[in-house]
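# Structural description and commentary
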Amino acid sequence: MSTVSHPEFNRAPSGEQWCYESDSSQNQNVKGKVPRYEYDEYILDDLEESSVDPGNSAVKVTADVYHPAVGTMVSSSTSIDSGHDSHQNDHFVVVAIDFGTTYSGYAFSFTRDPESIHMMRKWDGGDPGIINQKTPTTVLLTPDEKFHSFGYAARDFYHDLDPKNALNWLYFEKFKMALHHSTTLSQNTLLTATNGKQVPAVRVFSYALKHFKDHALQELSDQSATKILNEDVRWVITVPAIWKQLAKQFMRCAAYEAGIASPQCPDQLLIALEPEAASIYCRKLRMHQLIPETPPIAIHLSPHKQDVQESQESVADSVSEGTRYILVDSGGGTVDITVHEIEGKHGHLKELYKASGGPHGSVGVDLAFLQLLNNIFGAEYMQHFRQKRPAGFVDLMIAFESRKRNASPFKDNPLNISFPFSFIDFYKKTKGHHVEAAIRKHGDKNVSWSSQGMLRLMPAAMLHLFQPIIDHITHHIGDVLNNPIVKNIKYLFLVGGFAESAVLQQEIRKSFGHILKVIIPQNVSLSIVKGAVLFGLDPTVVNMRRCRFTYGVGVLNRFEVSKHPENKKLIKNGIAWCTDIFDKFVVVDQSVGLGEIVMRKYSPACPGQTKSVIHIYSSENENPSLISDSGVQRCGTLTLDMSGIAIQQVSTRREIQVRMTFGDTEIKVNAMDITTGNVVKCSIDFLNK
């Protein structure tokens, strides 16, 4: 057993900390410090900054850190947020869902043949010339808010609706970003459809996930000639690594509502981090599966022997033990950046720098295009058109999406964007003249109106739409590479849906190709979903991660005049205490191993206490002193439910051992009553804090 390295955990037994903890079943005052061999502290919960509620009861806390290689403490997890401690795979098949901002898809692999990863291809509808291995992340609800369709089927049905009838239907697209932008995300968060109506976000997400579940189970049953049941599947859902714990828990709750796993069987669902999944997959690629640095000029019908030999070499031949690389996952909504090092002969991954990034996905190009339309036709008109002709607005953005995908720095021909008739007709009725007049008045030589009824963008105009978001991405990569922690990086992997863009590929190679080898897989948008399947088959492949935040609880500590602010001083039983002390579990950017545990032992003030609710705080700062410091937020609650333990079983000395795991993709918790050996129901909740 190793102790926590923080100074407050290593002082003499005479050092004292107190903290108060809310208890709904008991209302007893603290009688005094319970003598212990370890140091004493008491959880601070539901307190005002300068007063203590005399109705709160106290619990004493001791702390340690355990690693599975050292300690053998065992108890069952009941976390509603994070799943089971065990990663043992006892399922027949692994299905990974890549829930993207613009496009989504899933892949699967049977555990008896883990080397074969199958992509789902049977999507109805689709755009001409685009391989339908993914489908748009769009959900269509009927006027009475019932699920109607998803993906291409939803988009095409909505497109064919009469404009007046379309106003009654609820169409959602690119709604995943709501989880990233919302600062008050909860199960009551609402999403706004294109017609302005709102429904609970968790319902929309669960509709989408249920569609994937039903689609996958049917396809698996068809392929295996036997009925595949939900319990035969280990499910994996991908999320951005920069998402906070509450957004991850939101996805888990939506999955439960969709019938994917359940609070009783949380280990059936794994949350995979998108850049990690891509990193796992990229190491298995062959050289011929990578996009060349320049477009091929000629096709060799009879390749030389040397060419064939080089194509069979794998990335793993170059990326071996000790190799460090940066992975950039550029998707529809966000850019996710992580830095990994290959460890050991089994090729486990160690995260060298905490995941970083921001809302700099391809949606930013869409927003730049909309700003161009605002400049040409007026923001008021565009908003009016969007409200009155929502289906026409969707058609307009679909037309731009196809042109955006074809943009390339190697082409000099103009790109024509087809305008729906509803736009042209509505503009003429509203403004009294044709759209061509507005475009001429705008006066940009790179933007014109074609005789075929299309908006014509010269390459310079299209590249101008890309530039702001690309600048954000390259600056963020540069910031990571310039960090002193990040050294000796040899490769840059570029993945994600936006990474399909030849414009982004060229800019990344131009900016970093002289210092790193830039590796871009073929079918780059499928790297994440295929890697997520591999993660589902072996969740231990990433054995070291970095904490994105400092986590802890509020405690009472002995007041020190030279150290603590006077307004935090509290006199209790003649002793001066300092309230709101931030007691850290883990520190931002701390390296935490897979399965590494932070342990607390809580001793209830009353032996018969049945419930404890403890607030958890987070900060992006490394060393917050007080939970009231700037940047510290209450992010969740830890609940210990001891109601199932008979009071007569409990002695006067009682300890609840709580184990929290921070080295996985989600924070996990489990607990047991040391006195009785009984499992204690516990949960860590970030949505209802």
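Structural notes, computed from the coordinates.

Conventions adopted
- Here, residues in each chain are numbered from 1, in the same order as that chain's written sequence.
- Selection of residues for local features in this predicted model requires a pLDDT of at least 70, selection of side-chain atom pairs for listing and counting requires 80 or more, and totals for whole chains, interfaces and linings are taken over all residues.
- The side-chain numbers reported here are obtained from all heavy atoms of the structure, hydrogens and water having been left aside.
- Working definition: a ring pair exists when centres of Phe, Tyr or Trp rings (six-membered ring for Trp) sit within 6.5 Å. Plane angles under 30 degrees give stacked, over 60 give edge-to-face, the rest tilted.
- Helix and strand definitions follow DSSP, with helices as H or I runs of at least four residues and strands as E runs of at least two, each counted in order from the N terminus.
- Buried, partly exposed and exposed residues are distinguished by accessible area as a fraction of the type maximum, computed with a 1.4 Å probe on protein chains only: under 20%, between the cut-offs, and over 50%, respectively.
- Either the NZ atom of lysine or the CZ atom of arginine qualifies as a charge over a ring when it sits within 6 Å of the ring centre and within 35 degrees of the ring normal.
- To get an axis, a line is fitted to the C-alpha atoms, and for a helix only the part in contact is used. The angle between two axes follows their N-to-C directions and goes from 0 to 180 degrees.
- Throughout this description, any angle smaller than 35 degrees is read as roughly parallel, any larger than 145 degrees as roughly antiparallel, any in the 65 to 115 degree range as roughly perpendicular, and the remainder as oblique.
- Two residues qualify as a contact provided that any one of their heavy atoms is within 4.5 Å of a heavy atom in the partner residue.
- The nonpolar class holds Ala, Val, Leu, Ile, Met, Phe, Trp, Tyr, Cys and Pro. Asp, Glu, Lys and Arg form the charged class, and all remaining residues, Gly among them, are polar.
- The arc under discussion is defined with respect to the helix axis, by the directions toward the C-beta atoms.
- Detection works on a 1 Å grid of protein atoms alone, calling trapped sets that fit a 1.4 Å probe cavities and calling open sets with protein on both sides within 12 Å along at least five of seven lines pockets, with lining residues defined by an atom within 4 Å of a point.
- Grid points are joined across faces, edges and corners, and a volume is the space filled by probe spheres set on the points.
- In the analysis that follows, any N or O atom pair within 3.5 Å is treated as a polar contact, provided that within protein one partner can donate a hydrogen and the other can accept it, and provided that, for residues neighboring in sequence, both atoms belong to side chains.
- One bridge is not enough; two strands pair if DSSP finds at least two bridges between them.

### A short note on the packing of aromatic side chains
Scanning the entire structure with this criterion turns up 28 aromatic pairs. Residues F99 and F205 carry aromatic rings whose centres are separated by 5.4 Å and whose planes lie at 20° to one another, so their mutual orientation is stacked. Taken together, the positions of F99 in the loop between strand 5 (93-98) and strand 6 (103-110) and F205 in helix 4 (residues 201-224) put the pair 106 residues apart, joining distant regions of the chain. Their ring planes at 20° and their centres at 6.2 Å tell us that Y381 and F385 sit as a pair that is stacked. Highlighted residues: Y381 and F385, both in helix 10 (residues 379-388), separated by 4 residues, approximately one helical turn. Residue Y381 is classed as buried on the basis of its relative accessible area of 2%. Looking at F385, the relative accessible area reads 0%, which means it is buried. An aromatic cluster is present here, built from F377, Y381, F385, F419, F423, F426, Y427 and W449 joined pairwise through their rings. Of note, R112 hangs over the ring of F110, and the distance from its end group to the ring centre comes to 4.8 Å.

### Overview of the packing of helix 10 against helix 11 (residues 390-406)
The geometry of helix 10 relative to helix 11 is characterised by a closest axis approach of 5 Å and an angle of 115° between their N-to-C directions. Relative to helix 11, the element helix 10 lies roughly perpendicular. Every residue of helix 11 that contacts helix 10 at M382, F385, R386, Q387 and K388 is listed here: P390, G392, F393 and L396. Among the residues forming the contact of helix 10 with helix 11, the class breakdown is 5 nonpolar, 2 polar and 2 charged.

### Observations regarding helix 13 (residues 435-442)
Among the residues making up helix 13, those that are buried are V435, A438 and I439. For helix 13, the angular spread of buried residues about the axis comes to 100°, placing them on one side. Exposed side of helix 13, more than 90 degrees from the buried face: R440 and K441 are the residues found there. On its buried face, helix 13 sits against helix 9 (363-377), helix 12 (421-431), strand 20 (447-449) and strand 21 (454-457).

### As for empty space enclosed by the protein
Counting across every chain of the model gives 5 cavities of 30 Å³ or more. Its volume calculated, the largest cavity comes out at about 260 Å³. The wall of the largest cavity is formed by 21 residues, among which Q245, K248, R546, C547 and R548 lie closest to the centre. When contributions to the lining of the largest cavity are tallied by element, the ones reaching two or more residues are helix 5 (245-257), strand 18 (348-358) and strand 24 (542-546). Classifying every residue of the lining of the largest cavity by side-chain character gives 10 nonpolar, 2 polar and 9 charged. Counted as a void, the second largest cavity has a volume near 170 Å³. Residue lining of the second largest cavity: 14 residues in total, with Y103, P136, E173, K174 and E401 positioned closest to the centre. The element contributing the most residues to the lining of the second largest cavity is helix 11, with 3 residues. Split into classes, the residues belonging to the lining of the second largest cavity amount to 5 nonpolar, 4 polar and 5 charged.

### Some thoughts on the side chain of R545
Relative to the helices and strands, R545 resides in strand 24. Among the polar contacts listed, one links the side chain of R545 to the backbone oxygen of G663, at a separation of 2.8 Å. Non-local contacts of R545, meaning those with residues more than four positions away in its chain, are made with L273, E276, E351, F535, Q590, S591, V592, L594, G663, D664 and T665.

### As for the sheet that holds strand 9 (residues 138-141)
Here 3 strands make up an open sheet; going across it, the order is 10-9-11 and the pairing antiparallel. In this open sheet, the two edge strands, each paired with only one partner strand, are strand 10 (147-150) and strand 11 (170-173). Strand-to-strand twist of the sheet, defined as the mean angle between neighbouring strand axes without regard to direction, takes the value 15°. As paired elements, strand 9 and strand 10 share 3 bridges and run antiparallel to each other. Bridge assignment links V139 to a residue of strand 10, and that residue is F150. Those strands touched by helix 4 are strand 9, strand 10 and strand 11, and its axis lies near 60° from that of strand 10.

### Some points on unusual backbone geometry
In this structure, K174 takes a positive phi of about 55° despite not being glycine. With respect to the secondary-structure elements, K174 resides in the loop between strand 11 and helix 3 (177-181).

Read these as spatial facts, not as claims about activity.
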